[in-house]
Amino acid sequence: QVQLVESGGGLVQAGDSLRLSCAASGRTLDRYRVGWFRQAPGKERDFVAALDWNDGSTLYTGSVKGRFTISNDNAKNTVYLQMNSLKPEDTAIYFCAARLITRIDYNFWGQGTQVTVSS
């Protein structure tokens, strides 16, 4: 089992930055892909970014490329999502998730952290 706890959300203005953290426990993540997803009110949960722990490769959805950066800290078993140039449309609950690289679906999820961007 992998437990994931997100933190770092908050209320900011458009153009500001936030850094979300996802602290993992239960297992080391060297065989995992860790992703960030977000769900806006009344909408489905969407993929934001992902990182493969073993080689550091990353993937982003188009709307956040160049603004968001996913990274990890091996010593802390933590994944970060640095969000710059935030826009009101980035407002959502942000979830951290993990899966073995051999799986298709993410089977470990955090509880989410709220990000609100005012215009």
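Criteria and thresholds
Residues numbered from 1 in each chain as written. Predicted model: local features only at pLDDT ≥ 70, side-chain atom pairs only at ≥ 80, totals over all residues. Heavy atoms only, no water. Disulfide = S-S within 2.5 Å. Helix = DSSP H or I, 4+ residues; strand = E, 2+ residues; numbered from the N terminus. Buried < 20%, exposed > 50% of the residue type's maximum accessible area, 1.4 Å probe, protein only. Polar contact = N/O pair within 3.5 Å; in protein donor to acceptor, adjacent residues only side chain to side chain. Contact = heavy atoms within 4.5 Å. Pairing = 2+ DSSP bridges. Axes fitted to C-alpha atoms, helices over the stretch in contact; angles between N-to-C directions.

### Overview of the state of the cysteines
Counted according to the given criterion, the structure contains 1 disulfide. Across the disulfide, Cys22 is cross-linked to Cys96 (sulfur-sulfur distance 2.0 Å). Because the torsion about its S-S bond is -75 degrees, the bridge between Cys22 and Cys96 counts as left-handed. Taken together, the residues span a long stretch of sequence, with Cys22 in strand E3 (residues 18–25) and Cys96 in strand E9 (residues 92–100) at a distance of 74 residues. For the residue pair Cys22 and Cys96, the accessibility class agrees, reading buried in each case.

### A word on the side chain of Thr91
Residue position: Thr91 is located in the loop between strand E8 (78–83) and E9. Polar contacts involving the side chain of Thr91 include one to the main-chain carbonyl oxygen of Pro88, which spans 2.9 Å. From its side chain, Thr91 meets the backbone nitrogen of Val117 in a polar contact 2.9 Å long. With residues up to four places along the chain from it excluded, the contact list for Thr91 reads Ala40, Gln114, Val115, Thr116 and Val117.

### Some thoughts on the sheet that holds E3
Ordered in space as E1-E3-E8-E7, the 4 strands form an open sheet in which the pairing is antiparallel. Two strands close off the open sheet at either side, each with one partner strand: strand E1 (3–7) and strand E7 (68–73). Neighbouring strand axes in the sheet, compared pairwise and without regard to direction, differ in orientation by 20 degrees on average. With 6 bridges joining them, E3 and E8 adopt antiparallel strand pairing. Counterpart to Ser21 in the pairing with E8 is Tyr80.

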